[in-house]
Amino acid sequence: MLVVMKNDATEAQVQAVVRAIEKLGYRGIPMPGAQRTAVCIIGNTGPVDDSGLLVMNGVKETIRVTKPYKLVSRETHPQSTVIAIGDIKIGGGKPVIMAGPCAVESEEQALTIARLVKKYGAQVFRGGAFKPRTSPYSFQGLGEEGLKILDKVRQETGLLIVTEATDHINIEVVEQYADIIQIGARNMQNYSLLRRAGHASKPVLLKRSFAATIEELLMSAEYISSEGNNQVILCERGIRTFSDNTRNTLDLSAIPSIKEVSHLPIIVDPSHAAGRRDYVISLSKGAIAVGADGLLVEVHHDPPHALSDGMQSLYPEQFGELMEEIKGLTR
Ligand code: PEP
Ligand code: MN
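The shown structure was predicted, so the numbers you read here are calculated from the model rather than taken from an experiment.

Procedures and definitions
Residues numbered from 1 in each chain as written. Chains lettered and ligands numbered in written order. Predicted model: local features only at pLDDT ≥ 70, side-chain atom pairs only at ≥ 80, totals over all residues. Heavy atoms only, no water. Donors = N, O, S within 2.8 Å, 3.2 Å for Na, K, Ca; no water. Helix = DSSP H or I, 4+ residues; strand = E, 2+ residues; numbered from the N terminus. Core = buried A, V, L, I, M, F, W, Y, C linked by side-chain atoms within 4.5 Å. Buried < 20%, exposed > 50% of the residue type's maximum accessible area, 1.4 Å probe, protein only. Contact = heavy atoms within 4.5 Å. Near = heavy atom within 4 Å. Polar contact = N/O pair within 3.5 Å; in protein donor to acceptor, adjacent residues only side chain to side chain. Nonpolar A, V, L, I, M, F, W, Y, C, P; charged D, E, K, R; others polar. Pairing = 2+ DSSP bridges. Axes fitted to C-alpha atoms, helices over the stretch in contact; angles between N-to-C directions.

> How would you sum up the coordination of the manganese ion (ligand 2)? Please name residues and give values.
Every protein donor of the manganese ion (ligand 2) is listed here as Cys102 (SG), His272 (NE2), Glu298 (OE) and Asp309 (OD), and their distances to the metal cover 2.0 to 2.4 Å. Going along the chain, you hit the donors of the manganese ion (ligand 2) in the pattern C-x169-H-x25-E-x10-D. Of this pair, His272 sits in helix 9 (residues 270–274) while Asp309 sits in the loop between strand 14 (294–298) and helix 11 (316–330), and the two are 37 residues apart along the sequence.

> Any details on the nonpolar core? Residues and values, ideally.
In terms of nonpolar packing, the biggest core is built from 66 residues, with Val117, Phe125, Leu206, Leu234, Leu295, Phe319 and Leu322 touching the most fellow members. When residues no more than four places from it in sequence are discounted, the contact partners of Phe319 are Ile97, Ala99, Val117, Tyr120, Ala122, Val299 and Leu314. Membership of the second largest hydrophobic core comes to 15 residues, among which are Ile83, Ile90, Val124 and Leu296.

> Explain the site of ligand 1 to me, and be specific about the residues and the numbers.
Around ligand 1, the structure places Arg126, Lys131, Glu164, Gln182, Gly184, Ala185, Arg186, Lys207, Arg237 and His272. Take Arg126: an N or O atom from its side chain is 2.8 Å from an oxygen atom of ligand 1. The separation between an oxygen atom of ligand 1 and a polar side-chain atom of Arg237 is 2.6 Å. Grouping the amino acids of the shell around ligand 1 by side-chain chemistry returns one nonpolar, three polar and six charged.

> So, the sheet that holds strand 1 (residues 2–5): which residues are in play, and what are the values?
Overall, antiparallel pairing links the four strands, which are arranged 2-3-1-4 in an open sheet. Both edges of this open sheet fall to strand 2 (27–32) and strand 4 (59–63), since each of them pairs with a single strand only. Within this sheet the neighbouring strands show an average axis-to-axis angle of 25 degrees, counted without direction. Relative to strand 4, strand 1 runs antiparallel, the two sharing four bridges. Each bridged residue has a counterpart across the sheet, and for Val3 the counterpart in strand 4 is Thr62. On the sheet, helix 1 (residues 11–23) packs against strand 1, strand 2, strand 3 (37–42) and strand 4 and is oriented at approximately 10 degrees with respect to strand 3.

Note that all results are geometric; they support no functional claim without further evidence.
See below:
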C-alpha cells in the first residue's frame, strides 16, 4: 500500500506516518516525487488496515499497490529513475554505452581495449574479474588482481567501471573498485548476494536470468531496493527458448513491458544474447529503437585469442561502426 501525502505535507508529517506504519508492524519507505511524497508500506503479507493512517495530518489518500513488487513499481514511483554517476546519467534519455571484454585478462589487454572503446565513445568500461563460468575448468577470472587492473583503466581513461560480483563474499572487494556492481544472469536469484547488494554504496546492474519472467526479474530488483539501495539498473541479455540460431533469444519486448510497470532504467546486452559478433550491431540498433537506456557490449582487440566469449566479441572497429549506426537513432 502507498500512503500519498498532500502536496504541502511537511517532513515531520511524513516521519509521523513512517512511525505509525512501524507501529502496525511494517516498514514505511518515503518516496519523494515531483509533486508529492508517498510512503510505501512494505513487509505486509495481507491487506493493511489504513483507517488510522487516513486521518493523520498531511495524508491525502491510500492506494493499494497491485503488483507483488512495490519499491521498483511505477505505481509507487511514477517518474522514471535516473541514475547519475559522475557525469553520466542512466535513464536520462541518452543511451549510455558500456563496452569492453568479457573478462579482464591482463593489464595490457584491458588498457588496449579501454583506450579503443573510449576513442569510439563508450562511457563505461566492462570487464569481469570474477567470472561465473559454466565449466569449472574454464578461465575463472583474475579476481582482485583484475579489479586492480580495472582501477588503472579508470585512472588512465576516466571511463567508469562495471564489473561483476559473483557471491556475497567477493562483492565486498568488488564494491571498493567498481562504479557499478554487476550481478550476472546466473545469480539473479542469489538472494544473499541481492541482499548484500542492497547495502552497497554503488549502483547495481542486475541482469535478467535466461529463465526468468519479467516479474521474477523485478522481484529480484525489489530484494536490492528493500535493503535500501534503489540505484538498480536492469539488463535484458537474452533468454533461453527453442530458437537455436542464437545463443539466447533477445527479448526486446521486455524493454517496453518493463518501462510500463517499473521506473527503473533498463539496458540491453546484445552480445550474450547473440553469441556471435555478426548480429551484435543489428540487435544494438533494435535495442535503442525500442527505448533501451543503454547497451552492454563485449569488445576485444584480439577476439580469436580471448579467454572467454571471443566469438561474440566485436573487433574495436566494429564497435566504432556500432557507435556510428546508433547515432542516427538517438539524435
Ligand atoms: C557477463 O556480462 O560477463 C556475463 C557473464 O553475462 P551473463 O551474466 O548475462 O551471462
Ligand atoms: Mn561474456
